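# Observations on chain architecture
As a plain string of letters, each chain reads:
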Amino acid sequence: ESFGFVAECDIDPPGTLHEEMMGDPTLSAMKQFLDSSGIFEYFSLASETSYWNPAYDRITVFAPSSDVVAAYLMEAGVLDPNYKLGVAAHHIIYGELELDDLVRPEPHWTLPNRPITFVEDEDGTIRVEGTEVTVTPYEHWTLDGIVYYLDGVMDLPERPESAMTTVETTVETAQLVGGFQ
């Protein structure tokens, strides 16, 4: 009750990511792909308190439509379970990213610790850099994160080269530095 009248609201609050994907026919194949990869077991996505978690405790999922996932699986055939988990995890970033947060100079890092960078084309389309995969500019909010629709599956890229460098040195220097690696 506010200012002498009762306000009614017919809007249902969003469910968890798992619930929202289950209820969206467009995302049903991606949900099955994530389920079969075991990725949902990795998260506590059914937490009743997830709504109150700060944005960095939530996740962002980039979900291709059911048609796109089906076409990808038909082309790829039977996937190794570890590769399947990697591909599924490559569509998830820790932290809740709003649309304005996607395009930035530095990459975002997906769960398998692979970089992903988004660019904005001249016509305003946001796509995954180096691919033709585009992001639909629609934010599907859930209690534990946010979902963006993709028009393609992001293949798992090769791991970036290590930043470590081998240095030749004397035994004495190696012993001094050895504890600081």
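Quick note: structure is the one above.
An account of the accompanying structure is given in this report. Note that the coordinates shown come from a computational prediction; the quantities given were computed from them, not determined experimentally. The residue count restarts for each chain, going from 1 along the sequence in the order it is written. Selection of residues for local features in this predicted model requires a pLDDT of at least 70, selection of side-chain atom pairs for listing and counting requires 80 or more, and totals for whole chains, interfaces and linings are taken over all residues. Side-chain metrics rest on all non-hydrogen atoms present in the structure, leaving aside hydrogens and water.

## Regarding the overall build of the protein chain
Cut-off, in case you're wondering: Each helix is a run of H or I in the DSSP string that is no shorter than four residues. Each strand is a run of E no shorter than two, and both are numbered from the N terminus. For each residue, the accessible area found with a 1.4 Å probe, counting protein chains only, is set against the maximum for its type, and the residue is called buried under 20%, exposed over 50%, and partly exposed in between. Only heavy atoms matter for contacts: two residues are in contact if any of them lie within 4.5 Å across the pair. Here the accessible surface of atoms and residues is derived via Shrake-Rupley with a 1.4 Å probe, and residues count as covered only by protein chains that are part of the display.
Helix and strand content of the protein chain: seven helices and nine strands. With 181 residues in all, the protein chain has 39% of them scored as buried. When contacts within the protein chain are restricted to residue pairs at least 6 apart in sequence, those whose partners lie at least 24 apart make up 62%. Accessible surface computed for the protein chain: about 11800 Å², of which carbon and sulfur atoms make up 53%.

## Looking at the packing of helix α2 (residues 28-37) against helix α4 (residues 66-76)
Operational definition: Axes here refer to lines fitted to C-alpha atoms; in helices the fit is confined to the stretch in contact. Angles between the N-to-C directions go from 0 to 180 degrees. Any angle between 65 and 115 degrees counts as roughly perpendicular, while under 35 counts as roughly parallel, over 145 as roughly antiparallel, and the rest as oblique. As a working rule, the residues Ala, Val, Leu, Ile, Met, Phe, Trp, Tyr, Cys and Pro are called nonpolar, Asp, Glu, Lys and Arg charged, and the rest polar, with Gly in that last group.
Closest axis-to-axis distance for the α2/α4 pair is 6 Å, and the angle between their directions is 50°. Looking at the two axes, α2 sits oblique to α4. Packed against α2, whose contacting residues are S28, A29, M30 and F33, the element α4 presents S66, V69 and L73 at the interface. Looking at the contact of α2 with α4, its residues break down into five nonpolar, two polar and no charged.

## Here's the deal with the pattern of salt bridges
What counts here: Each reported salt bridge corresponds to a side-chain nitrogen of Lys or Arg within 4 Å of a carboxyl oxygen of Asp or Glu.
Enumeration over the complete set of coordinates arrives at four salt bridges. Its salt-bridge partner being R127, residue D121 comes within 2.9 Å of it at the nearest N-O pair.

## Things to note about the side chain of T117
Residue placement: T117 occurs in the loop between β4 (115-116) and β5 (118-120). Look at T117 and you get buried, because its relative accessible area is 15%. Contact partners of T117, with chain neighbours within four places excluded, come to R104, P107, R127, V128 and E129.

## Quick notes on α2
Three or more residues of α2 are buried, namely A29, M30, K31, F33, L34 and S37. Just downstream of α2, G38 is the residue with a positive phi angle, here 90°.

## Here we look at unusual backbone geometry
At N113, a position not held by glycine, the phi torsion is positive, near 60°. Taking the relative accessible area as the measure of exposure, N113 reaches 49% and is therefore partly exposed.

## Some details on the layout of surface pockets
Applied cut-off: Points on a 1 Å grid over protein atoms alone make up a cavity when a 1.4 Å probe fits among them but cannot get out, and a pocket when they form an open set with protein on both sides within 12 Å along at least five of seven lines; lining residues each have an atom within 4 Å of a point. Grid points are joined across faces, edges and corners, and a volume is the space filled by probe spheres set on the points.
Approximately 170 Å³ is the volume attributed to the second largest pocket. Around the second largest pocket sit H90, P115, I116, T117, V128, E129, T131, V133, V153, M154, D155 and P157, which together line it. A class-by-class count of the residues in the lining of the second largest pocket yields seven nonpolar, three polar and two charged.

## Let's talk about the pairing of strand β9 (residues 145-150)
The line we're drawing: Two strands form a pair only when DSSP identifies at least two bridges running between them.
The buried count for β9 comes to six of six residues, which makes it a mostly enclosed element. Alternating residues of β9 divide into G145, V147 and Y149 and I146, Y148 and L150, and every residue in both groups is buried. In this sheet, β9 lies alongside strand β1 (residues 59-64) in parallel orientation, the contact comprising six bridges. Residue V61 lies in a different strand from β9, and its bridge partner there is V147. Where strand β8 (residues 140-142) lies against β9, three bridges are found, and the strand directions are antiparallel. Paired with W141 across the strands is I146, a residue of β9.

## Re the nonpolar core
How we decide: The nonpolar core is taken to be a set of buried Ala, Val, Leu, Ile, Met, Phe, Trp, Tyr and Cys residues, with the residues joined through side-chain atoms within 4.5 Å.
Ranked by size, the top nonpolar core spans 24 residues in total, and within it L17, M21, M30, F33, L34, V61 and A63 carry the most contacts. Mapped by element, the contributors of at least two residues to this core are α1 (17-22), α2, α3 (39-42), β1, α4, α5 (81-89) and β9. Looking at which element gives the most residues to this core, the answer is α2, with four residues. Formed by 14 residues, the second largest nonpolar core is a distinct cluster that contains F62, I93, L97 and Y148.

## Describing α5
Under the convention used in this document: Throughout this description, a polar contact denotes any pair of N or O atoms lying within 3.5 Å of each other; where both atoms belong to protein, one of them has to be capable of donating a hydrogen while the other can accept it, and for residues adjacent in sequence the pair is counted only when both atoms sit in side chains.
For α5, every residue scored as buried is listed here: G86, V87, A88 and A89. Here α5 starts with a cap whose side-chain oxygen sits 3.1 Å from the backbone nitrogen of N82, and that cap is D80.

From the geometry alone we can't say anything about function, so treat these as descriptive.
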